[in-house]
Amino acid sequence: MIYFFCMRVNKYLALCGLGSRRHVESLIIAGRVKLNGQIITNLATTIPTDATVTVNGRPVTPPTDKVYILLNKPDGVVSTTYDPQGRRTVLDVLRDNPKQYQKLLQTVRLYPVGRLDYHTTGLLLLTNDGDLTKKLTHPSTHVDKVYLATVDRPVTKQELDTLSRGVSIDGVMTAPALFEYVKHDRTHIQVTIHEGRNRQVRKMFATQDLNVVTLTRVQEGKLRLGNLALGDWQFVRKSQII
Ligand code: URA
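The structure presented is a predicted model; accordingly, all values stated were derived computationally and were not measured.

Engineer: What's the story with the pattern of salt bridges in this structure? I'm lost.
Structural biologist: Side-chain pairing between opposite charges can occur once the charged atoms of the two side chains come close. Counted according to the given criterion, the structure contains 10 salt bridges. Residue Asp-92 is joined to Arg-95 by a salt bridge in which the shortest nitrogen-to-oxygen separation is 3.1 Å. Note that Asp-92 and Arg-95 are positioned in helix α3 (residues 90-96) at a spacing of three residues, about one turn of the helix. Under the relative-accessibility criterion, Asp-92 is labelled partly exposed at 25%. Of the residues examined, Arg-95 reaches a relative accessible area of 32% and is grouped as partly exposed. The shortest N-O distance in the salt bridge between Lys-203 and Asp-170 comes to 2.9 Å. Here Lys-203, found in helix α7 (residues 200-206), pairs with Asp-170, found in the loop between β11 (168-169) and β12 (172-173); they are 33 residues apart in sequence, far enough to count as distant. Each of Asp-117, Arg-199 and Arg-202 takes part in salt bridges that share partners, so that together they form one network.

Engineer: Could you clarify how one ought to interpret helix α2 (residues 21-29) in this entry?
Structural biologist: Every α-helix carries 3.6 residues per turn, so stepping three or four residues along brings you back to the same face. Buried within α2 we find Val-24, Leu-27 and Ile-28. One face of α2 carries all of its buried residues, which in axial projection span an arc of 100°. Those residues of α2 that are exposed and aimed more than 90 degrees away from the buried face are Arg-22 and Ile-29. Those residues of α2 that are buried are in contact with α1 (9-15), β2 (33-35) and β5 (53-55). In the stretch just after α2, Gly-31 is the one whose phi turns positive, near 75°.

Engineer: So what exactly am I meant to see when it comes to the packing of aromatic side chains here?
Structural biologist: Aromatic rings in a pair are described by how distant their centres are and how their planes are angled relative to each other. Under the counting rule described, the total for this entry stands at two aromatic pairs. Measuring from ring centre to ring centre gives 5.4 Å for Phe-179 and Phe-205, while their planes differ by 75°; the resulting arrangement is edge-to-face. Taken together, the positions of Phe-179 in strand β13 (residues 178-181) and Phe-205 in helix α7 put the pair 26 residues apart, joining distant regions of the chain. Pair check on accessibility: Phe-179 and Phe-205 agree, each one buried. Taking 5.4 Å as the distance between ring centres and 80° as the angle between the ring planes, the aromatic pair formed by Trp-233 and Phe-235 counts as edge-to-face. Assessed through its relative accessible area of 36%, Phe-235 is described here as partly exposed. Over the aromatic face of Tyr-118 sits the side chain of Arg-87, whose NZ or CZ is 5.1 Å from the ring centroid.

Engineer: Just to check I follow, could you spell out the environment of Lys-34 for this structure?
Structural biologist: By secondary structure assignment, the location of Lys-34 is in strand β2. Sequence-wise, Lys-34 and Thr-54 are 20 residues apart; in three dimensions their C-alpha atoms are separated by 5.2 Å. Residues within four places of Lys-34 in sequence aside, it is in contact with Ile-39, Thr-52, Val-53 and Thr-54.

Engineer: Honestly, the sheet that holds strand β6 (residues 58-59) in this entry has me stumped. Any pointers?
Structural biologist: Sheet strands pair by backbone hydrogen bonding; their relative direction is either parallel or antiparallel. The antiparallel open sheet is built from four strands, whose spatial order is β3-β2-β5-β6. What marks the edges here is a single partner per strand, and that holds for β3 (38-39) and β6. Taken together, the two bridges between β2 and β3 define a ladder with antiparallel strand orientation. Along β3, the bridge assignment pairs Lys-34 with Ile-39.

Parameters and conventions
- For every chain, the first residue of the written sequence is number 1, and numbering continues from 1 along that sequence.
- Selection of residues for local features in this predicted model requires a pLDDT of at least 70, selection of side-chain atom pairs for listing and counting requires 80 or more, and totals for whole chains, interfaces and linings are taken over all residues.
- By convention in this description, side-chain values take in all heavy atoms of the structure and omit both hydrogens and water.
- Each reported salt bridge corresponds to a side-chain nitrogen of Lys or Arg within 4 Å of a carboxyl oxygen of Asp or Glu.
- In this text, helices come from DSSP runs of H or I with a minimum length of four residues, and strands from runs of E with a minimum of two, each type numbered from the N-terminal end.
- Categorising residues by exposure relies on relative accessible area from a 1.4 Å probe, with only protein chains included: less than 20% of the type maximum marks a residue as buried, more than 50% marks it as exposed, and the intermediate range marks it as partly exposed.
- As used here, the arc belongs to the directions running from the helix axis to the C-beta atoms.
- Here a residue-residue contact requires only that any non-hydrogen atoms of the pair lie within 4.5 Å.
- Each Phe, Tyr or Trp ring, with Trp reduced to its six-membered ring, pairs with another whose centre is within 6.5 Å; inter-plane angles below 30 degrees give stacked pairs, above 60 give edge-to-face pairs, and intermediate values give tilted ones.
- By the criterion adopted, a ring carries a charge over it if an Arg CZ or a Lys NZ lies within 6 Å of its centre and within 35 degrees of its normal.
- At least two DSSP bridges between two strands are required for those strands to pair.

Taken by themselves, the reported measurements are silent on function.
Printed below as a string of structure tokens:
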């Protein structure tokens, strides 16, 4: 699994506790910072995950305390830490709400566990715990993910059974899943899957000519969204997740 970090050197050094952004920028401009043995003076340099960074010849690393955050991701937000198109990211949501946690977020390097589509809302876990991320996203772990979907027409019982047994998306069958009615109108469906394929739920419904209108993740492993409002977030313990 490759995580796409795009953290600028000034932010990285601030995470390492080397002072304000302005101060660390003066260190960079003075040629006192090396990335994998090479002096860097470009403030736009990004630091890859396994890089060695030194300041005045001494290696520096961000703190390693593990942090777990449960976010109710709003619609219209990307599940990455940086977006080349300048769209709002999940980190922007964390930074905004509530303001008093901004300082904490400057001292840990958080990233989302897996992805939710731009228009999918709901439970998204963010952490700096790479081992847990690997475990949760590895196909062999079989962590259940539960979604509430609304679709553009009533779903028949036969279609629910077909979807639950498995359908072919991108040429590969999906594993057995659980598609259940939530309301009598038969357009509100609860979906439980343990795979994490790209746009899986939308693609599965599409095999039955059904379009997803709204999609919300409400559970991953043991962790439930509960009544957390859209855009809100809270700290959780590892033991609450898996
Ligand atoms: N399945 C989807 O289609 N989209 C998501 O965001 C998550 C699961």
